[in-house]
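Summary of structural features
Each chain, written out:
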Amino acid sequence: MKLFDKTLPCILCKHQFTWTAADQEFYQERGLKQPKRCKTCREARKALFEGNQIKPGVTISVHVNCAECGKPTSVPFVPADGRPVLCRDCFQKARLTA
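Now for a description of the structure that goes with this document. As the structure is a prediction and not an experimental result, all values here were calculated from the model. (Residues numbered from 1 in each chain as written. Predicted model: local features only at pLDDT ≥ 70, side-chain atom pairs only at ≥ 80, totals over all residues. Heavy atoms only, no water.)

Here we look at the overall build of the protein chain
Regarding its fold elements, the protein chain presents three helices and four strands. Counting helices and strands in the order they occur from the N terminus, the protein chain gives β-β-α-α-β-β-α. The 98 residues of the protein chain split such that 27% are buried. Carbon and sulfur atoms provide 52% of the accessible area of the protein chain, an area that totals close to 7600 Å². (Helix = DSSP H or I, 4+ residues; strand = E, 2+ residues; numbered from the N terminus. Buried < 20%, exposed > 50% of the residue type's maximum accessible area, 1.4 Å probe, protein only. Areas by Shrake-Rupley, 256 points an atom, 1.4 Å probe, with all protein chains shown as cover.)

In structure tokens form, the structure reads like this:
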């Protein structure tokens, strides 16, 4: 069966990434499922949890869209599934009203 490049959404940062035909073949050969995270989020997750422990001194930057205003921003952590992430301005506004 001929494989074609696919565009998939990342479950963390919601950006679209391309899953190439070569990558699809690699995944099929090893019995792996379709990826859920883009390369940036996968690398951030690997760096953060290498050896089942958070590595000291590791700084990550995950690109996300603000759940409140939709503005692109970056955060120094891997967002949890289903939890909203706010940009600095919206976070400050929410903090002041709470």
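Concerning the environment of Asp5
Residue position: Asp5 is located in the segment before β1 (6–9). Expressed as a C-alpha distance, the spacing of Asp5 and Ala21, which sit 16 residues apart in the sequence, is 5.0 Å. When residues no more than four places from it in sequence are discounted, the contact partners of Asp5 are Thr18, Trp19, Thr20, Ala21 and Gln24. At 2.8 Å, the side chain of Asp5 forms a polar contact with the backbone nitrogen of Ala21. (Contact = heavy atoms within 4.5 Å. Polar contact = N/O pair within 3.5 Å; in protein donor to acceptor, adjacent residues only side chain to side chain.)

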